[in-house]
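# Survey of secondary and tertiary structure
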Amino acid sequence: MAFFTHHITRALSSSTVRNAAIKHVTVIGGGLMGSGIAQVAAATGHSVVLVDTSEDILKKSTKGIEGSLKRVVKKKFADKPEAGEEFVQKVLKNISTSTDAASVVQGTDLVVEAIAENLKVKQSLFSTLDKVAPEHTIFASNTSSLPIADIAVSTARLDRFGGIHFFNPVPMMKLVEVIQAPGTSQETFNALLDFSKALGKHPVSCKDTPGFIVNRLLVPYLIEAVRLHERGHGSKEDIDVAMKLGAGYPMGPFELLDYVGLDTSKFIVDGWYQMEPENPLFSPSPLLNKLVSEGKLGKKTGEGFYKYK
Ligand SMILES: CCCCCCCCCCCCC[C@H](O)CC(=O)SCCNC(=O)CCNC(=O)[C@H](O)C(C)(C)COP(=O)(O)OP(=O)(O)OC[C@H]1O[C@@H](n2cnc3c(N)ncnc32)[C@H](O)[C@@H]1OP(=O)(O)O
Ligand SMILES: NC(=O)c1ccc[n+]([C@@H]2O[C@H](COP(=O)([O-])OP(=O)(O)OC[C@H]3O[C@@H](n4cnc5c(N)ncnc54)[C@H](O)[C@@H]3O)[C@@H](O)[C@H]2O)c1
């Protein structure tokens, strides 16, 4: 795959960071997205601190990163497994972990936040970090659906605050949406574009508009798939097969929702319902709500629309 060749070549040739400005990155949230972002940043020579709320979660994150790195190198180093293992260990050495974000942001150039999709929780985190992070540090959120400006107001660094929206799984997906909120300076925006390129990604620019580009189009599609099934007009299996074989998508909508996480999906659709309660598109889904209330959050918990155990 061309992406692999490009990505690995960059990773291997670059123990020095291409982007002179951003060398040290703090990633907050060691879940699906934060782990992927930390992995790709470390693989491209950045020094990374990964932060989450407990040592147990961080151990799981590190194990996940190691597993993903092994998948990445398996093909590339098929003839040289020792070199592959050396690469994995080198990347892992670029990552340290912490449960105390405030104590590790001292030397950081960029904070990438990838915690739960909840405005108040994100604001509280950034408000705390704003008081302790160096002046030059750029703050960026990986939010799927929240306005960047609404998160940024929790800080006094609107000019050094932007959006950097990665796609799941981060090691595989080439796109990054870089979002310029009204307060984001051109310098910050350019630094985020350069950083995305340094990770081997393809950035696109986007204004701070709901859903940015991809989710503005993807979310209504996913919602309609759930409604179609709830109306009894198609089984989830048939809808998934139809969209894979008929539209050429790599995953059907139910497989993708399970992959993204049903808690995250619910946060997104509930948030948009609160913003536009008159819009029937965003009205609650009994099926989604039931699965989330049962703790069936998708692939990450072993069950969602489908079972994975
Ligand atoms: C009211 C109603 C409610 C509805 C709610 C609506 C809510 C809306 C929710 C919106 C969510 C938005 C979330 C977010 O903001 C935006 C997103 O991220 S959207 C998700 C985007 N991602 C996709 O669309 C993924 C699509 N899938 C794929 O591209 C592929 O399936 C795959 C994941 C790449 C896997 O590929 P497959 O071929 O299927 O499977 P393989 O396992 O064989 O993998 C192929 C190849 O990839 C390597 N690989 C896969 N995963 C990883 C990894 N994590 N790390 C490293 N490598 C990986 C694997 O090893 C294989 O390598 P190869 O052998 O080919 O070298
Ligand atoms: N899942 C996706 O496909 C996807 C894709 C793109 C963007 N996003 C966005 O990325 C963000 C994270 O999503 P995810 O899927 O990785 O979620 P996740 O649930 O897998 O991980 C979130 C992690 O954040 C941690 N966390 C929560 N509060 C914290 C805090 N205050 N400090 C430190 N860590 C904290 C949690 O313990 C958890 O490990 C969300 O904003 C989501 O909308 C998700």
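Residues numbered from 1 in each chain as written. Chains lettered and ligands numbered in written order. Predicted model: local features only at pLDDT ≥ 70, side-chain atom pairs only at ≥ 80, totals over all residues. Heavy atoms only, no water.

### Overview of the pairing of strand E6 (residues 161–166)
What counts here: Exposure categories follow from relative accessible area, calculated using a 1.4 Å probe and restricted to protein chains: below 20% of the type maximum is buried, above 50% is exposed, and the middle band is partly exposed. Counting from the N terminus, the helices are the DSSP runs of H or I reaching at least four residues and the strands are the DSSP runs of E reaching at least two. Two strands qualify as a pair provided DSSP detects at least 2 bridges between them.
Of all the 6 residues making up E6, 6 are buried; the element is thus mostly covered by neighbouring parts of the structure. The alternating pattern of E6 places Phe-161, Gly-163 and His-165 and Gly-162, Ile-164 and Phe-166 on opposite faces, both of which are buried. In terms of strand pairing, strand E5 (residues 138–141) meets E6 through 3 bridges, oriented parallel. Each residue of the ladder has a partner; that of Phe-139, found in E6, is Phe-161. Here 4 bridges tie E6 to strand E7 (residues 175–180), and the two strands are oriented antiparallel to one another. Paired with Phe-166 across the strands is Val-176, a residue of E7.

### Concerning the UniProt feature "binding site: CoA" (unreviewed entry) in the protein
Defined as follows: UniProt positions are given in the numbering used here, feature names are shortened, and annotations may be inferred rather than shown by experiment. The contact definition used throughout considers only heavy atoms, calling two residues in contact when any of these lie within 4.5 Å.
Here, UniProt's "binding site: CoA" (unreviewed entry) annotation points to Ser-68, Lys-75 and Ser-144. For the annotated residues, spread through 77 residues, the largest C-alpha to C-alpha distance comes to 31.2 Å, inconsistent with a single compact locus. Looking at the secondary structure, you find Lys-75 in helix H3 (residues 55–76). Within the secondary structure, Ser-144 sits in the loop between E5 and helix H7 (148–152). Excluding residues within four positions of it along the chain, Ser-144 makes contact with Glu-117, His-165, Gly-211, Phe-212, Asn-215 and Ile-268.

### Overview of the nonpolar core
Note the cut-off: Residues grouped as a nonpolar core are buried Ala, Val, Leu, Ile, Met, Phe, Trp, Tyr and Cys residues, joined through side-chain atoms within 4.5 Å.
In this structure, Ile-37, Leu-110, Ile-164, Phe-166 and Phe-195 are the most contacted members of the largest nonpolar core, which totals 38 residues. Of the residues forming this core, the biggest block, 7 residues, is contributed by helix H2 (residues 32–43).

### Description of the domain arrangement of the protein
When the parts of a complex come together, some accessible area is lost, and that lost area is often taken as the interface size. Heads up, the rule is: The source of the domain bounds is an automatic or database domain assignment. A simple way to read buried area is as the amount of 1.4 Å-probe accessible surface that goes missing from two parts once joined, with both sides added. A 3.5 Å cut-off defines polar contacts: any pair of N or O atoms within that distance qualifies, except that in protein one atom must be a possible hydrogen donor and the other a possible acceptor, and neighbouring residues in sequence count only when both atoms are side-chain atoms. Under the scheme applied here, ten amino acids are nonpolar (Ala, Val, Leu, Ile, Met, Phe, Trp, Tyr, Cys and Pro), four are charged (Asp, Glu, Lys and Arg), and all others, including Gly, are polar.
The domain architecture assigned to the protein consists of domain 1 (24–207) and domain 2 (215–301). At the junction of the two partners, domain 1 supplies 9 residues and domain 2 supplies 8 residues. Area buried by domain 1 at its contact with domain 2 is led by Leu-32, Glu-117 and Ser-145, which between them contribute 45% of it. Applying the counting rule to domain 1 against domain 2 returns 3 residue pairs in polar contact (both at pLDDT 80 or more). Taken together, the residues of the side of domain 1 that touches domain 2 break down into 3 nonpolar, 5 polar and 1 charged.

### Description of the sheet that holds E5
The criterion, for reference: With axes taken as lines fitted to C-alpha atoms, and helix axes fitted only over the stretch in contact, angles between N-to-C directions fall between 0 and 180 degrees.
Read across the open sheet, the 8 strands follow the order E3-E2-E1-E4-E5-E6-E7-E8; overall the sheet is mixed. In this open sheet, the two edge strands, each paired with only one partner strand, are strand E3 (95–98) and strand E8 (202–207). The mean angle between the axes of side-by-side strands here comes to 25°, regardless of whether they run parallel or antiparallel. Here strand E1 (residues 24–28) pairs with strand E4 (residues 110–113) via 4 bridges, running parallel. Counterpart to Ile-28 in the pairing with E4 is Glu-113. Helix-sheet contacts for helix H6 (residues 119–132) involve E1, E4, E5 and E6, and the interaxial angle to E5 is about 170°.

### Comments concerning unusual backbone geometry
A cis geometry characterises the amide bond from Asn-168 onward to Pro-169, with omega recorded as 5°. Turning to its location among the elements, Pro-169 is positioned in the loop between E6 and E7. Residues other than glycine seldom take positive phi values, yet Phe-212 does so here, at roughly 55°. By the element assignment, Phe-212 lies in the loop between E8 and helix H9 (214–230). Using a relative accessible area of 3% as the deciding quantity, one classes Phe-212 as buried.

### Overview of helix H12 (residues 262–275)
We apply this condition: Helix span, as expected, comes to 1.5 Å for every residue beyond the first.
Under the 1.5 Å per step criterion, the end-to-end length of H12 is 20 Å for 14 residues, consistent within 8% with the ideal 20 Å. Among the residues of H12, those classed as buried are Leu-262, Asp-263, Ser-265, Ile-268, Val-269 and Trp-272. Of the surrounding secondary structure, the elements contacted by the buried residues of H12 are H9, helix H11 (253–260) and helix H13 (286–293).

### Notes on the layout of surface pockets
Note the cut-off: The pocket and cavity definitions rest on a 1 Å grid over protein atoms only: a 1.4 Å probe that fits but cannot leave marks a cavity, an open set with protein on both sides within 12 Å along at least five of seven lines marks a pocket, and residues lining either have an atom within 4 Å of a point. Grid points are joined across faces, edges and corners, and a volume is the space filled by probe spheres set on the points.
Approximately 260 Å³ is the volume attributed to the second largest pocket. Forming the walls of the second largest pocket are Glu-117, Asn-118, Leu-119, Lys-120, Leu-146, Pro-147, Asp-150, Phe-267, Asp-270, Gly-271, Gln-274 and Met-275. If you list the elements that add at least two residues to the lining of the second largest pocket, you get H6 and H12. Among the elements that make up the lining of the second largest pocket, the one with the highest residue count is H12 (5 residues). A breakdown of the residues in the lining of the second largest pocket according to their chemical character gives 5 nonpolar, 3 polar and 4 charged. Counting contributing residues per domain, the lining of the second largest pocket is built from domain 1 (24–207) and domain 2 (215–301), each supplying no fewer than three.

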